[in-house]
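Examination of the molecular architecture
So you can see what is in the structure, the chains are spelled out below.
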Amino acid sequence: QVQLVESGGGLAQVGGSLRLSCVASDGTLNTYSVGWFRQLPEKEREFVAGMTSTGIETYAFGSEKGRFTISRDHAKNEVYLQMNSLKPEDTAVYFCAASRAGWVVSRLPSRFDYWGQGTQVTVSS
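Model, not experiment: these values are computed from the prediction. (Residues numbered from 1 in each chain as written. Predicted model: local features only at pLDDT ≥ 70, side-chain atom pairs only at ≥ 80, totals over all residues. Heavy atoms only, no water.)

Let's talk about the state of the cysteines
All chains considered together, the criterion is met by one disulfide. Linked covalently through their sulfurs, Cys22 and Cys96 form a disulfide whose S-S length is 1.9 Å. Between Cys22 and Cys96 the sulfur-sulfur dihedral comes to about -70 degrees; the bridge is accordingly left-handed. Highlighted residues: Cys22 in strand S3 (residues 18–24) and Cys96 in strand S9 (residues 92–99), separated in sequence by 74 residues. Take Cys22 and Cys96: they sit in the same class, and that class is buried. (Disulfide = S-S within 2.5 Å. Helix = DSSP H or I, 4+ residues; strand = E, 2+ residues; numbered from the N terminus. Buried < 20%, exposed > 50% of the residue type's maximum accessible area, 1.4 Å probe, protein only.)

Some thoughts on the nonpolar core
If you look at the biggest cluster of nonpolar residues, it comprises 28 residues, and the most contacted ones within it are Leu4, Leu29, Trp36, Ile70, Leu81, Met83 and Tyr94. Looking at this core, the elements that each hand over two or more residues are S3, strand S4 (33–39), strand S5 (46–51), strand S7 (68–73), strand S8 (78–83), S9 and strand S11 (119–124). Once residues within four sequence positions are removed from consideration, Leu81 is found in contact with Leu18, Arg19, Leu20, Trp36, Val48, Ala49, Phe68, Thr69, Ile70 and Tyr94. Within the second largest apolar cluster, six residues are counted, among which are Phe47, Ala60, Val105 and Phe112. (Core = buried A, V, L, I, M, F, W, Y, C linked by side-chain atoms within 4.5 Å. Contact = heavy atoms within 4.5 Å.)

Here's the deal with the packing of aromatic side chains
Aromatic rings in a pair are described by how distant their centres are and how their planes are angled relative to each other. Counting across every chain of the model gives six aromatic pairs. Ring geometry for Phe37 against Phe112: centres 5.2 Å apart, planes inclined by 85 degrees, an arrangement best described as edge-to-face. With Phe37 in strand S4 and Phe112 in the loop between S9 and strand S10 (114–115), this pair connects stretches of sequence that are 75 residues apart. Each member of the pair, Phe37 together with Phe112, is buried. Grouped by ring-pair contacts, the aromatic residues Phe37, Phe47, Phe95, Phe112 and Trp115 constitute a single cluster. In this structure, Arg19 is placed above the aromatic ring of Tyr80, and the distance from its NZ or CZ to the ring centre is 4.1 Å. (Phe/Tyr/Trp six-rings, centres within 6.5 Å; stacked < 30°, edge-to-face > 60°. Lys NZ or Arg CZ within 6 Å of the ring centre and 35° of its normal.)

Re the sheet that holds S7
Spatial ordering of the open sheet is given by S1-S3-S8-S7, a layout of four strands whose pairing is antiparallel. Where the open sheet ends on each side, the last strands, each with one partner, are strand S1 (4–7) and S7. Strand-to-strand twist of the sheet, defined as the mean angle between neighbouring strand axes without regard to direction, takes the value 20 degrees. One ladder, built from six bridges, connects S3 with S8; its direction is antiparallel. Among the inter-strand pairings, Arg19 is bridged to a residue of S8, identified as Gln82. (Pairing = 2+ DSSP bridges. Axes fitted to C-alpha atoms, helices over the stretch in contact; angles between N-to-C directions.)

Let's talk about the pattern of salt bridges
For the coordinates displayed, the defined rule picks out four salt bridges. Here Arg38 and Glu46 are joined by a salt bridge, their closest N and O atoms 2.6 Å apart. Through salt bridges with shared partners, one network takes in Arg38, Glu46, Arg67 and Asp90. (Salt bridge = Lys/Arg side-chain N within 4 Å of Asp/Glu carboxyl O.)

In structure tokens form, the structure reads like this:
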């Protein structure tokens, strides 16, 4: 069972930036496609961004496009979500997820095999 661990969340000011990181416990993240999702209390988990194992990026259709950037460091076996120009509505728990289907990124949470515990992002004005 692969365990994913997110880090980098916290409190940011409106207009500020945060970078989230995701690592896998067994060091195999390079072989998976990875997605970032976020969730508000009593809301469904929503797709933010994703990347295939070969680096093809996919983003949500909302306001995150252009502000958020997903990337991965194959040498470190890590995936990142750079979030710029943060808004209060970006406040949520952010989750990293990995899919064994490394050649494609789905926007559906059900298509991912492994999930991290989440990291809280709070954007304050």
